Amino acid sequence: MQDMDISSPAAFVNGGLLRMHLGRKVRTVLQVTQSDIASVMGKSTDGYQLVAKGSPPVPLTSYVEVVGVAENENTIRAELWTNFGDTFDASSYDQLCQLANGEFKQLFL
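Residues numbered from 1 in each chain as written. Predicted model: local features only at pLDDT ≥ 70, side-chain atom pairs only at ≥ 80, totals over all residues. Heavy atoms only, no water.

- The name an unreviewed UniProt entry assigns to the chain is Replication protein A 14 kDa subunit A, from the organism Hibiscus syriacus.
- What the UniProt record of the chain gives under Subcellular location (unreviewed entry) is the line "Nucleus".
- Here the chain is described in UniProt, under the heading Sequence similarities (unreviewed entry), as follows: "Belongs to the replication factor A protein 3 family." (UniProt positions renumbered as here; feature names shortened; annotations may be inferred.)

Rendered as structure tokens:
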């Protein structure tokens, strides 16, 4: 089994929380609205329009997790992409983001 890299944990974020983590590693789930070979545009779990720059997987499912560096309040430079399928509970993920950046932050970073 490969050891888990905990040297640079990625903060769970939604669109509204992204600006709190500029220049740091983040992870989010997007509902894909548009994609090409160099980026994905999508809706965050709280309804913000975000852009993930990088090379998305082919084929791309309706929901994708992106891990990368927050470049600005609506752009992530993606390092890792994970297809999450065509159905996803965005509301639960959004609640997770709120908890991970609120009273339970110490459990996630």
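## Examining the side chain of His21
- For His21, the location among the structural elements is in the loop between strand S1 (11-12) and strand S2 (25-36).
- Separated by 2.8 Å, the side chains of His21 and Asn101 make a polar contact.
- In this structure, His21 is in contact with Ala11, Val13, Val26, Ala70 and Asn101, ignoring residues within four places of it in sequence. (Helix = DSSP H or I, 4+ residues; strand = E, 2+ residues; numbered from the N terminus. Polar contact = N/O pair within 3.5 Å; in protein donor to acceptor, adjacent residues only side chain to side chain. Contact = heavy atoms within 4.5 Å.)

## Quick word on helix H1 (residues 90-100)
- Along H1, the residues classified as buried are Tyr93, Asp94, Cys97 and Ala100. One side of H1 carries all its buried residues, which in axial view fall inside an arc of 125 degrees.
- Buried residues along H1 sit against S1, S2 and helix H2 (105-108). (Buried < 20%, exposed > 50% of the residue type's maximum accessible area, 1.4 Å probe, protein only. Arc of directions from axis to C-beta.)

## A few points about the nonpolar core
- Formed by 21 residues in total, the largest nonpolar core has its most connected members in Val13, Leu18, Val26, Leu30, Val66 and Trp81.
- For this core, the element with the most residues is strand S5 (residues 63-72), which contributes four residues.
- Not counting chain neighbours up to four residues away, the residues in contact with Val66 comprise Val26, Arg27, Thr28, Leu30, Ala52, Ile76, Ala78, Leu80 and Trp81. (Core = buried A, V, L, I, M, F, W, Y, C linked by side-chain atoms within 4.5 Å.)

## Thoughts on unusual backbone geometry
- At the junction of Val58 and Pro59, the peptide bond is cis and its omega measures out at 0 degrees in the coordinates.
- Considering the arrangement of structural elements, one finds Pro59 in the loop between strand S4 (49-53) and S5.

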